[in-house]
Each structure stands twice: as structure tokens, then as C-alpha cells.
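These are the residues of each chain, in order.
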Amino acid sequence: MQIATYNIWNSEMGMPYRTGCMIHEISGVEADVICLQEVQNKAMASDIAHRAGYPYFYFDSYRDSEEGLCILSNIPFAECESWLDHSNAIFCSVCHNNKTILVINIHLPWDSVAERERQIVDIVAEVHNKKCDLVFMAGDFNCAETSDVHRFLMGECRLDQKEAVPRWYDLASAYAELTASEIEPTLNFRENPRFKHNTIELNSRFDRILLRNTYPCEFPVLRNCMIFGKTIYEDIQLSASDHYGVMVDMEP
């Protein structure tokens with residue numbers, strides 16, 4: 001089963017041509033389930049699902065905005081739910097190989113450390129109320145691996161006097177160790193032409209896919225973890241988004 005995440009950049013830069021580039025990237029990764037952030041509105045979510053060949057999609061918008069989060073799937077949804085009334089997350093569950101798999105799509109706020117921390121604690125608490133075999137959290141965390149948000153999920157610190165139990169695992173880190181390779185940034189200020197004049201910010205990996213600890217059940221097998229969306233399209237001199245996407249290939 002392949003799961004992906006992609007922040008598609010709600011910006012008029014390069015539009016309308018960039019929409020076709022996004023769809024090319026989304027189609028090319030061939031994920032079973034893909035989480036999208038910064039989707040302009042429900043009409044765009046429906047259009048992307050149709051043109052990328054996904055028969056199922058779930059979209060919800062933020063309060064006081066048409067922009068929202070979307071999950072595309074080749075597998076029928078067993079359940080869908082939005083938590084956007086209190087946290088920047090939606091989720092779906094699907095049944096695959098006799099397992100119920102929960103996929104959470106998140107886009108934590110960029111402008112407040114305190115709000116990111118509050119939301120991730122709430123999201124983890126919500127997951128505890130769901131019965132499933134595997135849980136993936138995918139999206140734009142808007143913070144680096146050194147952040148307390150990430151460390152909280154890894155079981156390395158508390159937030160608001162709470163712990164993430166069970167802990168979570170960063171699949172890109174696991175795959176890099178398995179293959180003795182470097183982890184690629186998803187915000188690349190040196191190579192993505194969106195940032196060609198930015199000489200200050202450091203490359204970072206805001207976009208991640210995490211797996212919640214499955215103990216006492218066996219872990220699924222991680223077959224691959226890759227970055228996509230790096231192509232620079234000559235007609236617009238941009239990549240499809242200001243973020244690169246992440247895809248993992250798992251054997252549940």
C-alpha cells in the first residue's frame with residue numbers, strides 16, 4: 001500500500017498551468033491514498049480527483065475560508081471525519097488486506113508554536129478514540145524534526161503534561177537508515193525556483209509521514225520512501241508546488 005502527502009501551494013503563481021503540473025505529479029506517484037494540503041476549495045479537490053484518476057475524495061475547508069484539506073483514495077472510504085473545528089486535520093479509514101488503516105491528513109499552523117503544540121496534542125488524543133490496525137499521520141507539520149512537536153510524537157518529550165502513547169515513527173528516517181542514504185528536504189530553498197532569491201532560510205523537511213507504534217502486533221514492512229514533485233516545468237519555470245511531496249510504500 002502506498003501513502004503520500006503533498007502540499008500543493010495555494011498561490012496564483014504559475015496558474016492556471018501549474019494545476020496541470022500538480023496533477024501530473026499526483027498521478028505519477030500512483031499512491032493508493034494521498035493527503036493534500038492548501039487545496040483552494042472543494043471544486044479544485046473534485047477536479048484534481050477526477051483528472052488524477054481517483055474515484056474517492058474527502059475534502060473539508062477551514063472555518064471562514066474556502067481553502068482546506070483533501071484526501072484522495074483508490075480504495076473506498078470506511079469512515080471520514082473532519083477535526084477542522086479545533087485542529088488542522090481530517091482523516092479517513094480504509095480496509096486493505098483485512099486491516100483497517102487510518103490516515104490522518106494534517107497541516108499545522110505556520111505562525112504559532114503554541115498553537116502547533118496544542119493541535120498535535122489534540123490530534124493524538126482524537127486518534128485514541130478510533131479502532132484500527134494501523135495509523136499513519138501525513139502532512140505539512142510546519143516545523144522541523146528538532147521541534148517539540150516532532151519530539152513529542154517520537155516519545156522524547158511531553159507537551160501540556162501529556163505523552164504520545166503509543167509513540168510514532170518517522171518513516172523517512174527509518175528508510176534513510178535502511179538504505180544508508182540522506183533524508184531529502186521537502187522545502188528546498190536552493191533548488192526549488194519558487195525560492196530562487198531566498199539566501200537565508202535553511203532547507204527543511206516539514207512534510208512527513210509517520211506510523212504509530214503497532215505493538216503488540218507486528219510492524220508493516222517499509223519498502224520505499226521517496227520525494228516527488230522536484231521537476232521544474234519549463235513553460236512556467238516553476239515546480240508544481242513550493243513543497244515537494246513524500247510517498248511511502250508499505251506492506252501491511
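No experiment lies behind these values; they were computed from the predicted model shown.

We now examine the overall build of the protein chain. Helix and strand counts for the protein chain stand at five helices and twelve strands. Here the protein chain has a C-alpha radius of gyration of 17 Å; the compact-globule value for 252 residues is 18 Å, and the two agree. Each principal axis of the C-alpha distribution contributes one length, and for the protein chain these read about 50 × 40 × 40 Å. By residue count, 54% of the 252 residues in the protein chain fall in the buried class. Contacts spanning at least 24 positions in sequence make up 63% of the contacts within the protein chain whose residues lie at least 6 apart. Total accessible area on the protein chain stands at roughly 11900 Å², and carbon and sulfur atoms take up 47% of it. Of note, the protein chain has its 21 positive side-chain charges centred 3 Å away from the centre of its 38 negative side-chain charges.

A sheet is described by the order of its strands in space; here six strands give the open sequence S5-S6-S7-S8-S10-S9, paired in mixed fashion. Whereas interior strands pair on both sides, the edge strands pair on one side only; in this sheet they are strand S5 (77-82) and strand S9 (168-170). Taken pair by pair, the neighbouring strands of this sheet meet at an average axis angle of 20°, ignoring direction. Judged from the five bridges that link them, strand S8 (residues 134-140) and strand S10 (residues 207-212) form a sheet pairing that is antiparallel.

Of the pockets and cavities examined, the largest pocket occupies roughly 400 Å³. If you go around the largest pocket, you meet 22 residues; those closest to its centre are Glu38, Trp110, Asp140, Asn142 and His243. Residue composition of the lining of the largest pocket, grouped by class: ten nonpolar, six polar and six charged. For the second largest pocket, the calculated volume is near 170 Å³. Lining the second largest pocket we find 15 residues, and of these Glu182, Ile183, Glu184, Cys225 and Ile227 sit closest to its centre. Listed by contribution, the elements that provide at least two residues to the lining of the second largest pocket are helix H5 (171-179), S10 and strand S11 (221-228). A per-class count over the lining of the second largest pocket returns nine nonpolar, one polar and five charged.

Moving on, we get to the sheet that holds strand S3 (residues 56-61). A sheet is described by the order of its strands in space; here six strands give the open sequence S3-S4-S2-S1-S12-S11, paired in mixed fashion. In the strand order of this sheet, the two ends are held by S3 and S11, each with one partner. The mean angle between the axes of side-by-side strands here comes to 15°, regardless of whether they run parallel or antiparallel. Alignment of S11 against strand S12 (residues 245-251), held across seven bridges, turns out to be antiparallel. The residue of S12 that forms the bridge with Asn224 is Asp249. Strands strand S2 (33-39), S3 and strand S4 (68-73) of the sheet are contacted by helix H2 (residues 42-52), whose axis makes an angle of about 165° with S3. Against the sheet, H5 contacts S11 and S12, and its axis sits at roughly 105° relative to S11.

So, how was this worked out
Residues numbered from 1 in each chain as written. Predicted model: local features only at pLDDT ≥ 70, side-chain atom pairs only at ≥ 80, totals over all residues. Heavy atoms only, no water. Helix = DSSP H or I, 4+ residues; strand = E, 2+ residues; numbered from the N terminus. Rg over C-alpha atoms; globule rule 2.2 N^0.38 Å. Buried < 20%, exposed > 50% of the residue type's maximum accessible area, 1.4 Å probe, protein only. Contact = heavy atoms within 4.5 Å. Areas by Shrake-Rupley, 256 points an atom, 1.4 Å probe, with all protein chains shown as cover. Lys, Arg positive; Asp, Glu negative; His and termini not counted. Charge placed at Lys NZ, Arg CZ, Asp CG, Glu CD. Pairing = 2+ DSSP bridges. Axes fitted to C-alpha atoms, helices over the stretch in contact; angles between N-to-C directions. 1 Å grid on protein atoms, 1.4 Å probe; cavity = no way out; pocket = protein on both sides within 12 Å on 5 of 7 lines; lining within 4 Å. Points joined across faces, edges and corners; volume = space filled by probe spheres on them. Nonpolar A, V, L, I, M, F, W, Y, C, P; charged D, E, K, R; others polar.

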